[in-house]
Amino acid sequence: QVQLVESGGGLVQAGDSLRLSCAASGRTFTNYAMGWFRQAPGKEREFVATISRNSGSTNYADSVKGRFTISRDNARNTVYLQMNSLKPEDTAVYYCATAATTGWGTPVETGEYAYWGQGTQVTVSS
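1. Digging into the overall build of the protein chain
Right, so step 1: Looking only at helices and strands, one finds 0 helices and 11 strands in the protein chain.
Right, so step 2: Relative to the globule expectation of 14 Å for 126 residues, the C-alpha radius of gyration of the protein chain, 13 Å, shows essentially globular dimensions.
Right, so step 3: Dimensions of the protein chain, computed from C-alpha atoms along their principal axes, come out at roughly 40 × 25 × 25 Å.
Right, so step 4: The buried share among the 126 residues of the protein chain stands at 42%.
Right, so step 5: Here the contacts in the protein chain between residues at least 6 apart in sequence split such that 60% fall between residues at least 24 apart.
Right, so step 6: Surface accessibility of the protein chain: about 6,100 Å² in total, with carbon and sulfur atoms responsible for 44%.
Right, so step 7: Between the centroid of the 11 positive side chains of the protein chain and the centroid of its 10 negative side chains there is a distance of 6 Å.

Here it is as structure tokens:
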């Protein structure tokens with residue numbers, strides 16, 4: 001099994017930055033792609049960003065491209081999401097997740113991930 005713990009969320013002003021962290025344990029972290037998703041009240045969980053197992057590839061939702069950066073530190077079993085130029089529409093609970101299989105790609109669908117953290121709230125005021 002995998003345990004994922006997100007941290008770094010908070011209340012910020014539009015235009016500010018946050019860095020989310022996700023610490024993983026219980027699985028061979030380096031063999032799996034990692035992803036960030038978010039869910040606003042009343043909406044379905046939405047893909048945000050993903051990074052391949054070797055950090056060679058990343059993929060981003062169009063809504064965050066150019067503003068968010070995903071990275072990972074395999075030595076620390078941690079994945080990060082650097083969020084810059086935050087907008088009110090970025091307000092959501094942010095979840096990190098571990099891919100379901102040991103592939104080399106960057107999956108973007110929720111069904112392609114097996115383990116999820118508890119989420120961390122990000123609120124962006126205007």
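2. As for the pairing of strand S11 (residues 120-125)
Right, so step 1: Side chains Thr120, Val122 and Val124 of S11 all project onto a buried face; the interleaved residues Gln121, Thr123 and Ser125 project onto a face where none is buried.
Right, so step 2: Pairing geometry for strand S2 (residues 10-13) and S11, over 4 bridges, is parallel. Within the sheet, the bridge partner assigned to Leu11 lies in S11 and is Thr123.
Right, so step 3: Note: strand S9 (residues 92-99) against S11, 3 bridges, orientation antiparallel. Bridging across to S11, Tyr94 finds its partner in Thr120.

3. Focus: empty space enclosed by the protein
The rolling of a water-molecule-sized probe over the atoms marks out the regions of remaining empty space.
Right, so step 1: According to the stated counting rule, one finds 1 cavity of 30 Å³ or more in the structure shown.
Right, so step 2: Of the pockets and cavities examined, the largest cavity occupies roughly 30 Å³.
Right, so step 3: What lines the largest cavity is simply Val2, Ala24, Arg27, Thr28, Phe29, Tyr32, Met34 and Thr98.
Right, so step 4: A breakdown of the residues in the lining of the largest cavity according to their chemical character gives 5 nonpolar, 2 polar and 1 charged.

4. Considerations on unusual backbone geometry
Right, so step 1: A positive phi is found at Asn77, a non-glycine position, where the angle reads about 50°.
Right, so step 2: You can see Asn77 is positioned in the loop between strand S7 (68-73) and strand S8 (78-83).
Right, so step 3: By relative accessible area, Asn77 is classed as partly exposed at 25%.
Right, so step 4: Notably, Ser85 is not glycine yet its phi reads approximately 50°, a positive angle.

5. Focus on the pairing of S8
Right, so step 1: Across the 6 residues of S8, 5 count as buried, placing the element largely inside the fold.
Right, so step 2: Bridge analysis of strand S3 (residues 18-25) against S8 gives 6 bridges, and the strand direction is antiparallel. Residue Leu18 lies in a different strand from S8, and its bridge partner there is Met83.
Right, so step 3: Pairing between S7 and S8: 6 bridges, direction antiparallel. If you follow Ser71 over to S8, its bridge partner there is Tyr80.
Right, so step 4: Remark: 4 residues form the turn of the hairpin made by S7 and S8, two consecutive strands paired antiparallel; Asn77 in that turn has positive phi of roughly 50°.

Rules and cut-offs
- Residues numbered from 1 in each chain as written.
- Predicted model: local features only at pLDDT ≥ 70, side-chain atom pairs only at ≥ 80, totals over all residues.
- Heavy atoms only, no water.
- Helix = DSSP H or I, 4+ residues; strand = E, 2+ residues; numbered from the N terminus.
- Rg over C-alpha atoms; globule rule 2.2 N^0.38 Å.
- Buried < 20%, exposed > 50% of the residue type's maximum accessible area, 1.4 Å probe, protein only.
- Contact = heavy atoms within 4.5 Å.
- Areas by Shrake-Rupley, 256 points an atom, 1.4 Å probe, with all protein chains shown as cover.
- Lys, Arg positive; Asp, Glu negative; His and termini not counted.
- Charge placed at Lys NZ, Arg CZ, Asp CG, Glu CD.
- Pairing = 2+ DSSP bridges.
- 1 Å grid on protein atoms, 1.4 Å probe; cavity = no way out; pocket = protein on both sides within 12 Å on 5 of 7 lines; lining within 4 Å.
- Points joined across faces, edges and corners; volume = space filled by probe spheres on them.
- Nonpolar A, V, L, I, M, F, W, Y, C, P; charged D, E, K, R; others polar.

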